[in-house]
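Structural overview for review
Take a look at the letters that make up each chain.
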Amino acid sequence: MPRRAPSFTIGKSTNGLPYIEGIPNINENKYMKKLKELSKTNVKVELIPHAEFKQKLQLIFASGEIPDLLQTDGINSTEVAPAIDAGVLLPLNDLIDKYAPNMKKALPKEAWQYGTVSKDGVIYGIPTLEPAPYGGASFIRKDWLDKLGLPVPKTLDEFVTVMKAFRDKDPNGNGKQDELPWSAREKFRFGDAFFGAYGVNPEGWKLVNGELVPNFILPEMKAALDFHRMLYAEKLFDNESFVQQGKDWDAKIRGKGIVGFWSHSAQEAQLWSAEVKKNSPDANVVPIPSPVGPDGKGGYLIRSVVNPKTWVISKSAKNPEEIIKFMDFFFTEEGQRLVTYGIEGDNYTMENGKIKYKYPSASDATAVQEEIARQEWFRFTGPTYLSDPEFMKNKPENEKVVQALEISKKEGRVNDGDGIPALPTLKTRPELKFDGLWLEFAAKVITGKESSDGFDKFVADWKKRGGDQLIKEATQWYNQSKK
Ligand SMILES: [Ca+2]
């Protein structure tokens, strides 16, 4: 006799996705039904509104009525950490060994060592994966380069030459000297291209002589600050960068079309290109390798492969092995096909053994939202569509994304502090973070109010004000989790 499909409950955020939030009953949705059919389960999802996710999790743990499978922001988050200590969540090491062969094969060893996933060697969480660990990209107005007869710059000197030409030679052709050669956002958000050239992206960490230290106190930072100071003085660096928010920055790049070089997410390469073109029809925005510094390297911080969203299983779940098998389904070919391509006959057909997928038209917002929801929300875990070369290759108007991802895969700076938890000292001394004392000092140097000669004094002062203790805590974490 065929046994009944195993049944269990799932608590999952809506992720704020319009398609998911617009479904009257998620358990009757066509993709949900297909997921149940193919995974041979009878799961029941309870949606948690994205906006109240953390509060709802606190209520769930307080009530003791924990869904069998629950999405969280990591086992070390404030909502979940007490539940680990209270012993209400299930250790997963043995279950994963036995019932998740595909997941085990696909996930790198370090994915299981993240503070969001395991504690003292005991795995409590099933991680989800970042769409692209190599996410940052550099963009340039290639039409400006072409107009000025300049090659794509690589070194810092070449960037300076190009940016000076952008400043002086009216590449947007409006007769005004209104071009901003390079623009960034407050706190150097999407603005660490030149720090990357010096290997000191401000938010990163580096292991030096057995100690984990923030990049911003490394000796290379002094030269990086001098370089930025020169860019600022020469007006090659948008002088409003220290104060501008995303929307002001956006308006300069897309709306006015006056920015020559900037950084953003590789996944949005096509979007940037299309948006700039709207107001500047001749624009050609292309992803390029990031500026390389004295060591011949550059780029943005290589991000963690693990996303903070982590699944936990309640100790009172009746069939944990079935839950693990369900999660393993997302690592199978069948599971991947469902979330990337959808339902056969509906979203795709098979022709000569190959998937023929109906890519939604970019102008059909409803269809695009549905595709996003399927590829992001219905993918409980597992490799993302960005790692499916067939999907990416055939996606219309996607060549710039593919290019940007290819470029950023080959560059970038290792962050030895990848996955670092919130350290105790930062709770009482938040000014020790990059956007506190360092940013204050950096802004003074770059805007010419202070000399970079004060760098050593800044480092000594930062250490004295709690930085030494922070390094101690960071090093301790590194030794426990990364060795
Ligand atoms: Ca101009």
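Computed from a prediction, not measured in an experiment: that's the story for all the values here.

Below, the discussion takes up the overall build of the protein chain. A tally of helices and strands in the protein chain yields 20 helices and 15 strands. In terms of overall size, the protein chain behaves like a compact globule, its C-alpha atoms giving a radius of gyration of 25 Å where 483 residues would be expected to give roughly 23 Å. When the backbone C-alpha atoms are referred to their principal axes, the protein chain occupies close to 80 × 55 × 35 Å. The buried share of the protein chain, taken over its 483 residues, is 41%.

Before going further, it helps to spend a moment on the pairing of strand 15 (residues 354-357). With 4 bridges connecting them, strand 14 (residues 348-351) and strand 15 associate as antiparallel partners. When the bridges of strand 15 are listed, Met350 appears paired with Ile355. Counting the residues between successive antiparallel strands, the hairpin from strand 14 to strand 15 contains 2 residues, one of them, Asn352, with a positive phi of roughly 50°.

This next bit is on the sheet that holds strand 11 (residues 259-265). Sheet strands associate in pairs through backbone hydrogen bonding, adopting either a parallel or an antiparallel arrangement. Taking strand neighbours across the sheet as the criterion, the 4 strands line up as 8-11-7-12 in an open arrangement whose pairing is mixed. Either end of the sheet is taken by a strand with one partner, and the two such strands are strand 8 (180-182) and strand 12 (285-288). Each neighbouring strand pair of the sheet contributes to a mean axis angle of 35°, computed without reference to strand direction. Inspection of the sheet shows strand 8 paired to strand 11 by 2 bridges, in the parallel sense. Bridge pairing in strand 11 links Leu180 to Val259. Its contacts with the sheet put helix 17 (residues 399-410) on strand 7 (136-141) and strand 12, and the angle it makes with strand 12 is roughly 20°.

Let us now look at the domain arrangement of the protein chain. Domain parsing of the protein chain yields domain 1 (7-130 + 307-385) and domain 2 (136-301 + 415-481). Each of domain 1 and domain 2 has a C-alpha centre, and the two are 35 Å apart.

What counts as what
- Residues numbered from 1 in each chain as written.
- Predicted model: local features only at pLDDT ≥ 70, side-chain atom pairs only at ≥ 80, totals over all residues.
- Helix = DSSP H or I, 4+ residues; strand = E, 2+ residues; numbered from the N terminus.
- Rg over C-alpha atoms; globule rule 2.2 N^0.38 Å.
- Buried ≥ 20, exposed ≤ 12 C-beta atoms within 10 Å, placed from the backbone.
- Pairing = 2+ DSSP bridges.
- Axes fitted to C-alpha atoms, helices over the stretch in contact; angles between N-to-C directions.
- Contact = placed C-beta atoms within 7 Å.
- Domains from an automatic or database assignment.

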